[in-house]
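A look at the structure
Each chain, written out:
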Amino acid sequence: EAGVAQSPRYKIIEKRQSVAFWCNPISGHATLYWYQQILGQGPKLLIQFQNNGVVDDSQLPKDRFSAERLKGVDSTLKIQPAKLEDSAVYLCASSGGQALYNEQFFGPGTRLTVL
Amino acid sequence: AQSVAQPEDQVNVAEGNPLTVKCTYSVSGNPYLFWYVQYPNRGLQFLLKYITGDNLVKGSYGFEAEFNKSQTSFHLKKPSALVSDSALYFCAVRDGNRDDKIIFGKGTRLHILP
């Protein structure tokens, strides 16, 4: 079974530029998550999708961050414009259901550096 | 609001010795508790979880965790550490009575000394 795929693995941009990350979850997984992991901290949930609907985006900075999952499979996370404090690893995860006790399967992450 | 604490930034253990990585939590309802491990340049991997039932939960790679309701703890343990266990470990909690997000601890770096 293929895991969660993310691209790119690394990205370096200057502040005020835009950037997009892509995620392909495990086949059949209806729930998809995007996390931000700042160095020295645990992952922080940005947005959760159930199929193509948003379940929770309460911690997504909506003035600059956006995410979509149009066909209920792949997802993209965009930052526009980027700030220095957006430097972090962006993790995508998926799970087989919406049950609160389901474990999540994580991709390798995208390391973003904003200069 | 739910929260989770990992009081140790780093734990050093000699190879072959038992290891413990501590985690305490706070939720208003019944806790769903998880441990994940992160190796360098890789995403998090699920180790084990507690939902209900037996307080001792067994997971991957010989790890286990003990749920203690009175102490609101969910410490990760392994009887005999391997050098390959060296990694970053995250405890996470979710309130089983509320449709709320999962909260991760800040992580504990485990060093197994050969």
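This write-up is about the structure you can find in this document. Given the structure is predicted, the values throughout are model-derived calculations rather than measurements.

This part is about the packing of aromatic side chains. Counted by the stated rule, this structure contains 15 aromatic pairs over all chains. Ring centres of A:Tyr35 and B:Phe104 lie 5.6 Å apart, and the angle between their planes is 90 degrees; on these two criteria the pair is classed as edge-to-face. Placement of the pair is A:Tyr35 in strand β4 (residues 31-37) and B:Phe104 in strand β11 (residues 103-104), with the two residues belonging to separate chains. Residue class for A:Tyr35 comes out buried when judged on its relative accessible area of 0%. According to the relative accessible area criterion, B:Phe104 is buried, its value standing at 9%. Relative to B:Phe104, the ring of B:Tyr36 has its centre 5.7 Å away and its plane inclined at 55 degrees; by these criteria the two rings are tilted. Note that B:Tyr36 is positioned in strand β5 (residues 31-38) and B:Phe104 in strand β11, a separation of 68 residues in sequence. By relative accessible area, B:Tyr36 is classed as buried at 0%. Of the aromatic side chains, those joined through ring pairs into one cluster are A:Tyr33, A:Tyr35, A:Phe106, B:Phe34, B:Tyr36, B:Phe46 and B:Phe104. The positively charged end of B:Lys78 is found above the aromatic ring belonging to B:Phe63, 5.0 Å away from the centroid.

Residues and elements named next belong to chain B. Residue placement: His75 occurs in strand β9 (residues 73-78). A polar side-chain atom of His75 sits 3.0 Å from the main-chain amide nitrogen of Cys23. Aside from chain neighbours lying at most four places away, what touches His75 is Thr20, Val21, Lys22, Cys23, Thr24, Trp35, Glu64, Ala65 and Glu66.

Here we come to the sheet that holds strand β1 (residues 5-7) of chain A. Residue and element names in this part refer to chain A. Read from one edge to the other, the open sheet built from four strands follows the order β1-β3-β8-β7, with strand pairing classed as antiparallel. A strand with exactly one partner marks an edge of an open sheet, and here the two such strands are β1 and β7 (65-68). Averaged over all adjacent pairs, the angle separating strand axes in this sheet is 15 degrees, with direction ignored.

Attention now moves to the interface of chain A and chain B. Contacts between the two partners involve 24 residues from chain A, matched on the other side by 23 residues from chain B. The contact between chain A and chain B buries some 1,800 Å² in all, and 54% of this surface belongs to carbon and sulfur atoms. The interface formed by chain A and chain B contains two salt bridges. Across the pair A:Asp56 and B:Lys101 runs a salt bridge whose closest N-O atoms are separated by 3.4 Å. At the junction of chain A with chain B, the criterion picks out six residue pairs in polar contact (both at pLDDT 80 or more).

A word on the nonpolar core. Residues and elements named next belong to chain B. Counting residues in hydrophobic clusters, the biggest one holds 28 residues, and the most contacted among them are Leu19, Trp35, Leu47, Leu48, Phe74, Leu76 and Tyr89. Of all the elements in the fold, those that place two or more residues in this core are β2 (10-14), β3 (19-21), β5, β6 (44-50), β8 (64-68), β9, β10 (87-95) and β12 (108-113). Broken down by element, this core gets its largest block of residues, four residues, from β10.

What counts, and at which threshold
- Residues numbered from 1 in each chain as written.
- Chains lettered and ligands numbered in written order.
- Predicted model: local features only at pLDDT ≥ 70, side-chain atom pairs only at ≥ 80, totals over all residues.
- Heavy atoms only, no water.
- Phe/Tyr/Trp six-rings, centres within 6.5 Å; stacked < 30°, edge-to-face > 60°.
- Helix = DSSP H or I, 4+ residues; strand = E, 2+ residues; numbered from the N terminus.
- Buried < 20%, exposed > 50% of the residue type's maximum accessible area, 1.4 Å probe, protein only.
- Lys NZ or Arg CZ within 6 Å of the ring centre and 35° of its normal.
- Polar contact = N/O pair within 3.5 Å; in protein donor to acceptor, adjacent residues only side chain to side chain.
- Contact = heavy atoms within 4.5 Å.
- Pairing = 2+ DSSP bridges.
- Axes fitted to C-alpha atoms, helices over the stretch in contact; angles between N-to-C directions.
- Buried area = accessible area lost by both parts, 1.4 Å probe.
- Salt bridge = Lys/Arg side-chain N within 4 Å of Asp/Glu carboxyl O.
- Core = buried A, V, L, I, M, F, W, Y, C linked by side-chain atoms within 4.5 Å.

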